[in-house]
Amino acid sequence: MPTQTDYAKAVQVLHAGGVEFIIVGGVAAILHGLGYTTYDLDVVYSRSRDNILRLVETLSGYQPYLRGAPAGLPFRFDARTVRNGLNFTLSTSFGDLDLLGEVAGVGGYRELLPHSKEVEAFGVRCRRANLDRLIQMKRAAGRPKDLEVLGQLQALLEERRKFPDISPQDPK
Amino acid sequence: MSEPYPPHQPQPDDLNEDVGLAPADAYDPVINAYKKDVDRTILRENLKLSPQERSEKFVSFMKSVHQLMEIAARERNR
């Protein structure tokens, strides 16, 4: 059975720790209006030295561990590990968290930042990737399992264009 | 016997062109096949909500999904 991720807690923890991150993937799609289920939170994080330190310090109290790896590995989620790696699929005490240093076709935090927007969600102000970029990311990933979601995302894009005033609380 | 279609000879311009990412609304027949089954009434209802309301709805929905999964798992183990 998939882990029950506490999405609000995950976003609030990262926000409270001052971590620079952008929500992408399924949760970002949901924040745009998709009706969808997802079991983890995907975020693109800034690879700046300061941000890596903040990220490590923030998550240190939540038992970050490599998701699906056997227990007991000498894994340490520290600044060196993050600097030496790039993308991490973690399990934490608040659920499953994917930390992405780069996303296929889009790049890293710096490249995605102009294509993201700050919104109020999960009780805090956080950044969400724009709908256009989400579609491009999903397409660039080239996974057959994303095709259904891509259909929904394109339909969502069409609906927003067809009814430009439908989201007064979330203007484009 | 000659080939029906001669192989494409890449031109220097083709090789140097950076095609970048296709626009989000680029036509793809496979994605289109999925798109025709999308229930747009749900999308329109969700679009009327704020991102905060969407996040609350999602959290509540996922709680229900997990409750159902737990019930199903218990029933299987009976």
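Residues numbered from 1 in each chain as written. Chains lettered and ligands numbered in written order. Predicted model: local features only at pLDDT ≥ 70, side-chain atom pairs only at ≥ 80, totals over all residues.

Draft legend 1. Molecular detail of the overall build of chain B. When you go through chain B residue by residue, the secondary structure sums to four helices and zero strands. When the helices and strands of chain B are placed in sequence order, the string is α-α-α-α. Relative to its full complement of 78 residues, chain B shows a buried share of 12%. (Helix = DSSP H or I, 4+ residues; strand = E, 2+ residues; numbered from the N terminus. Buried ≥ 20, exposed ≤ 12 C-beta atoms within 10 Å, placed from the backbone.)

Draft legend 2. Representation of the sheet that holds strand β4 (residues 88-92) of chain A in the model. Reading across from one edge, β3-β4-β5-β2-β1-β7-β6 (chain A) is the order of the seven strands in this open sheet, with mixed pairing throughout. Looking at strand neighbours, the two that pair on one side only are β3 (65-66) and β6 (116-121) of chain A, the edges of this open sheet. One ladder, built from two bridges, connects strand β1 (residues 21-24) of chain A with strand β7 (residues 124-129) of chain A; its direction is parallel. Residue pairing across strands places I22(A) opposite R127(A), the latter belonging to β7(A). Across the sheet, helix α4 (residues 51-76) of chain B is in contact with β6 and β7 of chain A; its angle to β6(A) comes to roughly 65 degrees. (Pairing = 2+ DSSP bridges. Contact = placed C-beta atoms within 7 Å. Axes fitted to C-alpha atoms, helices over the stretch in contact; angles between N-to-C directions.)

Draft legend 3. Here's a closer look at the pairing of β1(A). Residues and elements named next belong to chain A. Burial along β1 is two-sided: the face carrying F21 and I23 and the face carrying I22 and V24 are both buried. Pairing analysis gives four bridges linking β1 to strand β2 (residues 41-45), with the strands arranged antiparallel. For V24, the partnering residue across the bridge sits in β2 and is D42.

Draft legend 4. Molecular detail of the packing of helix α7 (residues 147-162) of chain A against helix α3 (residues 40-47) of chain B. Here α7(A) crosses α3(B) at 60 degrees, and the two axes come no closer than 10 Å. With respect to α3(B), the element α7(A) is oriented oblique. Crossing hand, α7(A) versus α3(B): right-handed. Between α7(A) and α3(B), the residues in contact are A155(A), L156(A), E159(A) and R160(A) and R40(B), L43(B), R44(B) and L47(B), respectively. For the contact of α7(A) with α3(B), a count of residues per class yields four nonpolar, no polar and four charged. (Parallel < 35°, antiparallel > 145°, perpendicular 65-115°, else oblique. Left-handed = near helix turned anticlockwise from the far one by under 90°. Nonpolar A, V, L, I, M, F, W, Y, C, P; charged D, E, K, R; others polar.)

Draft legend 5. Broad picture of the interface of chain B and chain A. Taken together, the contact between chain B and chain A spans 28 residues of the former and 36 residues of the latter. Mapped onto the side of chain B that touches chain A, the elements with two or more residues apiece are α2 (29-35), α3 and α4 of chain B. Counting residues per element, the side of chain B that touches chain A draws most heavily on α4(B), at eleven residues. A breakdown of the residues in the side of chain B that touches chain A according to their chemical character gives 17 nonpolar, five polar and six charged.

Draft legend 6. Expanded view of the nonpolar core. With 53 residues, the main nonpolar core has I22(A), I23(A), V24(A), V43(A), V44(A), L134(A) and L153(A) as its most contacted residues. Apart from residues no more than four positions distant in its own chain, V24(A) is found in contact with D42(A), V43(A), V44(A), L100(A), V103(A), A129(A), L134(A) and M137(A). (Core = buried A, V, L, I, M, F, W, Y, C linked by C-beta atoms within 7 Å.)

Draft legend 7. Region of interest: helix α6 (residues 131-141) of chain A. Residue and element names in this part refer to chain A. Along α6, eight of the eleven residues are buried, which leaves the element largely enclosed by surrounding structure. Residues L131, R133, L134, I135, Q136, M137, K138 and R139 constitute the buried set of α6. Against β1, α2 (25-32), α5 (109-112), β7 and α7 lie the buried residues of α6. Where α6 ends, the next residue or the one after it, G142, has phi of about 65 degrees, a positive value.

Draft legend 8. Local environment of helix α3 (residues 49-59) of chain A. Of the residues making up α3(A), those classed as buried are I52(A), R54(A), L55(A), V56(A) and L59(A). If you follow the buried residues of α3(A), they end up packed against β2, α4 (79-84) and β4 of chain A.

Draft legend 9. Structural view of the environment of D146(A). Residue and element names in this part refer to chain A. The residue D146 is located in the loop between α6 and α7 in this model. Judged by local crowding, D146 falls into the partly exposed class, with 19 C-beta atoms found within 10 Å. Sequence separation between D146 and V106 is 40 residues; the distance between their C-alpha atoms is 17 Å. If we skip the residues at most four places from it in the chain, D146 touches K138 and A141.

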